[in-house]
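An overview of the molecular structure
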Amino acid sequence: MLFNSFEFLLFFPFVFVVYWFVLNRNLKLQNAFLLVASYVFYGWWDWRFVFLLILSTLIDYTFGLIIERTTKKKLYLWLSIFNNLAILGFFKYYNFFADSVADGLQYFGFHPDIYLLSIVLPVGISFYTFHGMSYVIDIYNGKSKPITDFVSYAVFVCFFPLLVAGPIERAHHLLPQVLKPRKFLWSDAKEGVRLILWGFFKKVVIADNLGLYVSDAFNNYQSASSVELILGVIFFAFQIYCDFSGYSDIALGTARLLGFELMINFKTPYFARDIAEFWRRWHISLTTWFRDYLYIPLGGSKGGKGQAIRNTFIIFIVSGFWHGANWTFIVWGALNAIYFVPLLLSDKNRSHLDTVASNSALPSLREFAQMMTTFLLICTTWVFFRAATVTDAVGYFKGIFVNKFLPAPGYFNIDMVTLAGLLFVFIAAEWTTRLKSVGVVDSVKNRYVRYAIYYILVLAVFLFGSFREAEFIYFQF
Amino acid sequence: MKQFITKSFIHFVIVVLILIGYTWIYDASVPRRLGPNTKSQIAQSFSRAKEHAYPLVVLGNSRIYRGINPELFSIKAFNFAHDDDSYNQMYHKLKWLDSDSLKVVVMGVDYFTFSYLSDKRNYAYGPLLGDEYLSDYYSGPLRKIAFYKDAVYQRAINYAGFDRTKFLIRSFVMGPNKARPKLKNNGQYIYPGVAKPSDRIERDTTMLPIQKKYFEKIVLYCETRNIRLVLVMPPAREEERVNYSPESIARFETYLSQFRSITYLNFSETKDYEMKDFSDITHLNEAAADRFSKSVNDAIMLIGGARLAKEIKMSTRIMTIAGAGVNQHQDTNTARFAANLSHRRDEN
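In this report, we go over the structure that sits alongside the text. Remember, predicted model here, so these are calculated numbers, not experimental data.

Our next topic: the interface of chain A and chain B. Taken residue by residue, the interface counts 25 residues in chain A and 24 residues in chain B. The contact between chain A and chain B buries some 2,400 Å² in all, and 77% of this surface belongs to carbon and sulfur atoms. Where chain A meets chain B, there are one salt bridge. Here Lys 149 of chain B makes a salt bridge to Glu 7 of chain A, at a shortest N to O gap of 2.7 Å. Counting across the interface, chain A meets chain B through six residue pairs in polar contact (both at pLDDT 80 or more). Contributions of two or more residues to the side of chain A that touches chain B are made by helix H1 (6-22), helix H9 (186-219), helix H17 (414-432) and helix H18 (447-464) of chain A. Tallying contributions element by element places H18 of chain A first for the side of chain A that touches chain B, with eight residues. Broken down by class, the residue content of the side of chain A that touches chain B amounts to 18 nonpolar, three polar and four charged.

In structure tokens form, the structure reads like this:
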């Protein structure tokens, strides 16, 4: 079920009413209802994969209990990790490896008969397997205690707002919220509705409309003009940001309406002044997951710069691989690692821990140049992320330099001007909220002006949104 | 909690009122530039189809909807085609008409018409054509809810989104458009445009079992009621014809050849229509539609001649017209067409 679907418009109010009006006095029933609602939400896409979700949940729940009690903790930890990675590997990577092996053998003159399976990638598998793994690893490391209540654990794994595209929650953050009674708070409800509204604006108005130009550019890079290709990648940078952060906002807002506080996944990443800061602000739940469960166990940066660089490459390449079974994602990850290396070598990877222009309304010239440079570097990686193959990505770059420069007349039409205007409004709103914990509209004192702005936002979604049934980009991961 | 519910309800009502106001403004302004909207076109079409007891009705998709001017037929006719119609819609329209005076049905066919089951206009067709029509789209105990959900969604997106807002902005900025699309009283839809060499389209030649089933129902319906069924394939640009492989054409014509009671007029490869006769990749412009309508009428009259008007049952034949204009004023082409006709006349 998509957030931007008619079904969700009926589903969520029903869940909300039953959750707060019927079941709020009984925590166990409330959690059980949330679990059933989450399975219905997930199963709406394909009911068969609900069984896989239940199986994955059951296995990690069991391993959590065993690890707490057994003396062979490491064995069971590795069994749990192996199980999660096996499920993920089979559904996500089998055909990729089979294809790659076949291509490799063909290069040496062999023609193997590799059996390819028509495997459907279960939505959200990369996210809920990571939930399970973090739970078990935290128990092994003594950071968490296993819980005996299966329903509560299953709610942690399958909570529908974050089930299909994150954020990737940690047991120590979300489980306590599942285990204690939730109270309806007016401030939470307001914040939840605001987040949902802003999330829809980002997804339906910005991301989906930009998607048309992006698709045109990437599907026709051989013949598109340089300007179209450059704009194509810039638009993709905002498309993927607004799509993913929009989803995250809707997820956070939905959870907030149910009394849960999920971790923030994005903190205005395009205002980052270097790559390290960018990765502290982009898909925070995933980057911190890799930091805590891969980078630090590998030694982090404790073994010197060489080890830090090695571990950085491992993290980014694995992260690329996590995104999808395609060499483009691996190149994307490797490029990010390459951009990281100069910061590591010069010990500047932790230079910008504050927010840009924290003491002024506008950035300085130097800060602006840093933001633009970082944005440009990130855009070069996005070409690989979006392209279907590495060849297409290379062809895209080539097109920027060898194709005709200007687009055909009519490219810069009223649609483009309107979209540029909306993008400018969006960037301005993001800039003004970069330091605040509340949305920019909430800081307006006059209640009626605030309401008017919210109505304009709803109207903007209606008037300028794209209703072409576009999925969220991160659903495919 | 009560405060949240109350305020949410008030805000929801205000938002709904604002959106309703917007749709009123949209309905008042946009047709001045774009002509009648889809629901309005369908409503008018159904209303006018029963204004007279038409002996000839035209059915088909947008290529027929825009491509046939029934006023140029020798028999009183109405164009009951619509954008995106396929055989299921055509069959149910025929049944809805339920006219005893109907003697000829001219039905548009294309190599791609069997390949889709369009649901985009169900919000308008559903209430008119009824549950039997909707049963192909919705089943089970919740079918009514599913239909209303889709109907509300389809109606909403006719107003929502950037694609629609642009029309509203243009209607205010540029004012009424004298050359706007229009629906004529005879059912033909005129949509101005200019074809370009870069026009492209992708077509699917799959033959869905459900559309074959409805096609056969139409044939049977006409046979049972002694209605002459004439299939017409309109002219097609080369850029569209590239979608049709010889195998797909052969499969299509082999399928049609099993029906003994139909007449098949294929104008898709005629050389008499150039790019300038089209308003886009696939639709004839108004002038070319008039020429085409005369050709179709001439072909029908040539096959049945005056006997059609006298409602005499005809013998069956299938024929293809290739490269021959049948305008009565084009003497050279008429001779070639007549020669083609006599060559095939003994197929039965």
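Residues and elements named next belong to chain B. By the alternation rule, side chains of strand E1 (residues 56-59) split into Leu 56 and Val 58 and Val 57 and Leu 59, which are all buried. As judged from the three bridges shared by E1 and strand E2 (residues 77-79), these two strands associate in the parallel manner. When the bridges of E2 are listed, Leu 56 appears paired with Ala 77. Inspection of the sheet shows E1 paired to strand E3 (residues 104-108) by four bridges, in the parallel sense. Residue pairing in the sheet places Leu 59 in a bridge with Met 107 of E3.

Before going further, it helps to examine helix H5 (residues 87-97) of chain B. Residue and element names in this part refer to chain B. Counted residue by residue, H5 has nine buried out of eleven residues, so it is predominantly covered. Of the residues making up H5, those classed as buried are Tyr 87, Asn 88, Gln 89, Met 90, Tyr 91, His 92, Lys 93, Leu 94 and Leu 97. If you follow the buried residues of H5, they end up packed against helix H3 (38-49), E1, E3, helix H6 (122-129), helix H7 (131-134) and helix H10 (209-224). Downstream of H5 by a residue or two, Asp 98 has a phi angle that is positive, lying close to 45°.

As a further point, take the nonpolar core. Counting residues in hydrophobic clusters, the biggest one holds 164 residues, and the most contacted among them are Tyr 270 and Trp 382 of chain A. Per element, the largest residue contribution to this core is 18 residues, and it comes from helix H10 (residues 226-257) of chain A. Setting aside chain neighbours within four positions, we find Trp 382 of chain A in contact with Val 233, Phe 236, Ala 237, Ile 240, Tyr 270, Phe 278, Trp 282 and Trp 332 of chain A. Core analysis: the next-biggest nonpolar cluster, separate from the first, contains 50 residues, Leu 97, Met 107, Tyr 111 and Tyr 221 of chain B among them.

Residue and element names in this part refer to chain B. In spatial order, the strands read E2-E1-E3-E6-E7; together these five strands make up an open sheet with parallel pairing. The outermost strands of the open sheet, each flanked by one partner alone, are E2 and strand E7 (262-266). Mean inter-strand twist for the sheet, computed between neighbouring axes without regard to direction, equals 20°. The pairing of E3 with strand E6 (residues 228-233) spans five bridges and is classified as parallel. Looking at E6, one finds that Val 105 is bridged to Leu 229. Contacting E3, E6 and E7, H10 runs over the sheet at an angle of about 140° to E6. Against the sheet, helix H12 (residues 246-257) makes contact with E6 and E7, and its axis sits at roughly 155° relative to E7, the strand it touches most.

Let us now look at the pattern of salt bridges. Taken as a whole and assessed by the stated rule, the structure comprises 30 salt bridges over all chains. A salt bridge links Arg 194 of chain A to Glu 191 of chain A; its shortest N-O distance comes to 3.2 Å. Note that Arg 194 of chain A and Glu 191 of chain A are positioned in helix H9 at a spacing of three residues, about one turn of the helix. Judged by relative accessible area, Arg 194 of chain A falls into the buried class, the value being 14%. By relative accessible area, Glu 191 of chain A is classed as buried at 12%. Across the pair Glu 240 of chain B and Arg 63 of chain B runs a salt bridge, and its minimum N-O distance is 3.8 Å. Placement of Glu 240 of chain B in helix H11 (residues 238-241) and of Arg 63 of chain B in helix H4 (residues 62-65) is noted, with a sequence separation of 177 residues between them.

Of all five residues in E3 of chain B, five are buried, a share of seventy percent or more. Residues Val 104, Val 106 and Gly 108 of chain B point to one face of E3 of chain B and Val 105 and Met 107 of chain B to the other, with burial holding for every one of them.

Right, let's get into unusual backbone geometry. With a phi angle near 55°, Asp 347 of chain A is a residue other than glycine that sits in the positive phi range. Topologically, Asp 347 of chain A is positioned in the loop between helix H14 (327-345) and helix H15 (365-386). Non-glycine residue Asn 226 of chain B carries a positive phi angle of around 60°. We classify Asn 226 of chain B as partly exposed; its relative accessible area is 47%.

Criteria and cut-off values
In this numbering scheme, every chain counts its residues from 1 along its sequence in written order. As they are written, the chains are lettered A onward and the ligands numbered 1 onward, keeping that order. With pLDDT at 70 or above as the cut-off, local features in this predicted model cover only qualifying residues; side-chain atom pairs require 80 or more to be listed or tallied, and sums for whole chains, interfaces and linings still use all residues. To obtain the side-chain values, all non-hydrogen atoms of the structure were included, while hydrogens and water were left out. Residue contacts follow a heavy-atom distance rule, with two residues in contact if any of their heavy atoms lie within 4.5 Å. Accessible area that two parts lose when put together, evaluated with a 1.4 Å probe and summed over both, is termed the buried area. Take a side-chain nitrogen of Lys or Arg and a carboxyl oxygen of Asp or Glu: if they are within 4 Å of each other, that pair is a salt bridge. For the purposes of these results, a polar contact is taken to be a pair of N or O atoms within 3.5 Å, where, inside protein, one atom must be able to donate a hydrogen and its partner to accept one; residues adjacent in sequence count only when each atom of the pair is a side-chain atom. Only DSSP runs of H or I reaching four residues or more are called helices, and only runs of E reaching two or more are called strands; each is numbered from the N terminus. Any residue that is not Ala, Val, Leu, Ile, Met, Phe, Trp, Tyr, Cys, Pro, Asp, Glu, Lys or Arg is counted as polar, Gly included; the first ten are nonpolar and the last four charged. For each residue, the accessible area found with a 1.4 Å probe, counting protein chains only, is set against the maximum for its type, and the residue is called buried under 20%, exposed over 50%, and partly exposed in between. We treat two strands as partners when DSSP finds at least two bridges between them. Each nonpolar core is a collection of buried residues, namely Ala, Val, Leu, Ile, Met, Phe, Trp, Tyr and Cys, held together in the definition by side-chain atoms within 4.5 Å. Geometry is summarised by axes, namely lines fitted to C-alpha atoms with helices restricted to the contacting stretch, and by angles between N-to-C directions that run from 0 to 180 degrees.

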